[in-house]
Amino acid sequence: MSMNNPKQRLLLSGNPRGGSSSCIKSRFTRGFLRALIKMKKQNYNQPTSSSSSSSSRREAFRRYRRVKIAADKSMAVAAGSKRLWSRAMLSRIRHHQQQTWRYHRSTFNHQPIKVKRLVVEKKKKKKKKKKKKEEERTGDHHHHRPRGLRDAGELRKLVPGGEGMDICSLLDETAHYIKCLVTQVQVMKSIDQFYSIN
Amino acid sequence: MSSSGSKITEDEINHLISKLQELLPQLNRTRNGEVSASKVLKETCSYIKRLHSEVDGLSERLSQLLNSMDITSVDDILKL
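Residues numbered from 1 in each chain as written. Chains lettered and ligands numbered in written order. Predicted model: local features only at pLDDT ≥ 70, side-chain atom pairs only at ≥ 80, totals over all residues. Heavy atoms only, no water.

Student: Outline the overall build of chain A, supporting the account with residue identities and numerical values.
Tutor: Scanning chain A for helices and strands turns up 7 helices and 0 strands. Mapped in sequence order, the helices and strands of chain A form the string α-α-α-α-α-α-α. The buried share of chain A, reckoned over its 198 residues, is 32%. Long-range contacts, defined as pairs at least 24 residues apart, comprise 56% of the intrachain contacts of chain A with a sequence gap of at least 6. In the structure as shown, chain A presents an accessible area of about 13500 Å², 52% of it carried by carbon and sulfur atoms. (Helix = DSSP H or I, 4+ residues; strand = E, 2+ residues; numbered from the N terminus. Buried < 20%, exposed > 50% of the residue type's maximum accessible area, 1.4 Å probe, protein only. Contact = heavy atoms within 4.5 Å. Areas by Shrake-Rupley, 256 points an atom, 1.4 Å probe, with all protein chains shown as cover.)

Student: Lay out the overall build of chain B in plain terms, naming residues and giving numbers.
Tutor: The secondary structure content of chain B amounts to 3 helices and 0 strands. Order of helices (α) and strands (β) in chain B, N terminus to C terminus: α-α-α. Surface accessibility of chain B: about 4800 Å² in total, with carbon and sulfur atoms responsible for 50%.

Student: I'd love a proper account of the side chain of Lys-40 of chain A, names of residues and values included.
Tutor: With respect to the helices and strands, the residue Lys-40 of chain A is situated in helix 2 (residues 19-45). Within the structure, Lys-40 of chain A has its side chain in polar contact with the backbone oxygen of Leu-66 of chain B (distance 2.9 Å). (Polar contact = N/O pair within 3.5 Å; in protein donor to acceptor, adjacent residues only side chain to side chain.)

Student: Please provide a residue-by-residue account of the packing of helix 7 (residues 167-197) of chain A against helix 2 (residues 37-68) of chain B, values included.
Tutor: It is the contact of helix 7 of chain A with helix 2 of chain B, at a shortest axis distance of 9 Å, that shows an interaxial angle of 30 degrees. Judged by the inter-axis angle, helix 7 of chain A sits roughly parallel to helix 2 of chain B. Considering the relative orientation of helix 7 of chain A and helix 2 of chain B, their crossing is left-handed. (Axes fitted to C-alpha atoms, helices over the stretch in contact; angles between N-to-C directions. Parallel < 35°, antiparallel > 145°, perpendicular 65-115°, else oblique. Left-handed = near helix turned anticlockwise from the far one by under 90°.)

Student: Describe in detail the pattern of salt bridges, supporting the description with residues and values.
Tutor: Residues and elements named next belong to chain A. As enumerated under the stated definition, the model contains 8 salt bridges over all chains in all. In this structure, the salt-bridge partner of Lys-68 is Asp-72, at a minimum N-O distance of 3.2 Å. Taken together, the positions of Lys-68 and Asp-72, both in helix 3 (residues 53-79) and 4 residues apart, correspond to about one turn of that helix. The buried category is assigned to Asp-72, whose relative accessible area is 14%. (Salt bridge = Lys/Arg side-chain N within 4 Å of Asp/Glu carboxyl O.)

Student: An account of the side chain of Gln-184 of chain A is requested, with residue identities and associated values reported.
Tutor: The topology assignment puts Gln-184 of chain A in helix 7. Classification of Gln-184 of chain A by relative accessible area gives buried; the value is 1%. Ignoring anything within four residues of it in the chain, the contact list for Gln-184 of chain A reads Phe-28, Ala-71, Asp-72 and Met-75 of chain A together with Val-55 of chain B.

Student: Outline the confidence of the model for chain B, listing residues and values.
Tutor: Residues and elements named next belong to chain B. Per-residue pLDDT for chain B averages 75, and the proportion of residues at 70 or more is 66%. For chain B, helix 3 (residues 71-77) is the element with the lowest average pLDDT, namely 51, and helix 2 is the one with the highest, namely 89. Across the predicted assembly, pTM comes out at 0.72 and ipTM at 0.80. (pLDDT = per-residue confidence, 0-100.)

Student: Lay out the environment of Thr-183 of chain A in plain terms, naming residues and giving numbers.
Tutor: Residue and element names in this part refer to chain A. Examined against the element boundaries, Thr-183 turns out to sit in helix 7. Considered as a pair, Thr-183 and Ile-37 are 146 residues apart in the sequence and their alpha carbons are 20 Å apart. Within the local environment of Thr-183, its side chain forms a polar contact with the backbone oxygen of Lys-179, the two atoms lying 2.9 Å apart.

Student: Residues and numbers for the nonpolar core, please.
Tutor: Phe-32, Met-75, Trp-85, Leu-171, Tyr-177 and Met-188 of chain A together with Ile-48 of chain B are the most contacted members of the largest nonpolar core, which has 56 residues in total. Counting residues per element, the ones that place at least two in this core are helix 2, helix 3, helix 4 (84-105), helix 6 (152-158) and helix 7 of chain A together with helix 1 (2-23) and helix 2 of chain B. Considering every element that reaches this core, the biggest residue donor is helix 7 of chain A, with 15 residues. Excluding its chain neighbours within four sequence positions, the residues that come into contact with Met-188 of chain A are Phe-28, Phe-32 and Ala-71 of chain A together with Val-55, Leu-58, Ser-59 and Leu-62 of chain B. (Core = buried A, V, L, I, M, F, W, Y, C linked by side-chain atoms within 4.5 Å.)

Here's what the structure looks like:
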């Protein structure tokens, strides 16, 4: 793979601090660009003749959603399966995509989807109960925690998969998640700048 | 035994929190000793929310750009 392409160098330039972060950056960039190109080709094959403003707004929203999902997916893939948050994010995306696919297949009959949602919620409740019991068993050291860690509940909601982690893993995963989010923003900004200039 | 076990995890937690603090741009690094764990966590939450909203805005811009772009310029990047 030659690095002679100036556009490529432009996109992948940044501060190469650690080998791992620059690898994630290049992996994310490649995966995300491939997803964008695929999306572009799909749009090309199906020209949307949007006459009314509401349908074009819906189309614009759908396109935005697809780009965002592609960004999150390629970031989680670039981060690797060794990280809890990336695994949680990927399973969430895939589950959501499966649900929407099933919805499009059975567009006339809405009832099966409600049943599926109930089943999913029941599974979630079971998982929460199990984890609460585990925490209670090892919960003696909860009293020795520093005061600030009550706020961890909000952090758990923000970090994918954070609900089921113990506090040490949560803090560790949060640090990695923040690094990857910063990388994601950097790459997306440079892609945006690159294509708005040309 | 339980107290010594919790002491070890408390040091771990403090270490992890200081690592997080290094990532946050808002907290002034010269005041390392004064920042409490709860403040670090609150700053972390607001920082993550800010990054999420930045990603949302960039995704929207990119989707609009993608729509108006011609495909020939995109194929250059395919050679990665």
